[in-house]
Amino acid sequence: MWKLVDGKLVQTSDNTRVAFRTNISESLLHNLAEEAEKHNTHLNYMIENGLMNLFKEGSINYNKKLRPKDRIQYKTTYDKELLKDTKRIAKENKLNINDLIELSTQFIQIEECKKRNYRYRTE
């Protein structure tokens, strides 16, 4: 992101975001990446949107027996507060964070997702 300091633009990192690594279904990631490309957004913005919508829904129903077998390591950045809430809700529901992330993809509202150029905004 860019900040206006003394009349000059200065590039800074967004300190509201944190890096996080988890394991997610490879086929799910592939499908999400295609959708992200089509809608000019990033995969992690889509996941964040899905998580927020899942948490608004209130109840979480996840069948652990249906966990995907093709999980691969996925590392990206997330909103710090959203990740904190995700960890708390996963613990309350006795789920793994990756289970919640995979479940949340069903709740993505693509038209609400941030666009790719969001990270280059000026504040």
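Heads up: these notes are all about the structure in this document.

The rules behind these values
Residues numbered from 1 in each chain as written. Predicted model: local features only at pLDDT ≥ 70, side-chain atom pairs only at ≥ 80, totals over all residues. Heavy atoms only, no water. Phe/Tyr/Trp six-rings, centres within 6.5 Å; stacked < 30°, edge-to-face > 60°. Helix = DSSP H or I, 4+ residues; strand = E, 2+ residues; numbered from the N terminus. Buried < 20%, exposed > 50% of the residue type's maximum accessible area, 1.4 Å probe, protein only. Core = buried A, V, L, I, M, F, W, Y, C linked by side-chain atoms within 4.5 Å. Contact = heavy atoms within 4.5 Å.

Attention now moves to the packing of aromatic side chains. Within the structure shown, the criterion is met by one aromatic pair. Ring geometry for F20 against Y78: centres 6.2 Å apart, planes inclined by 70 degrees, an arrangement best described as edge-to-face. Residue F20 is located in strand β3 (residues 17-25), and its partner Y78 is located in strand β4 (residues 71-79); the two are separated by 58 residues in the primary sequence. Given a relative accessible area of 16%, F20 falls into the buried group.

Of all hydrophobic cores here, the largest spans 25 residues; its most connected members are L32, I47, I60, Y74, Y78, L100 and I101. Of all elements in the fold, only β3, α1 (26-38), α2 (43-57), β4, α3 (80-92) and α4 (97-104) reach the threshold of two or more residues within this core. When residues no more than four places from it in sequence are discounted, the contact partners of Y78 are T16, R17, V18, F20, I47, E48, L83 and I101.

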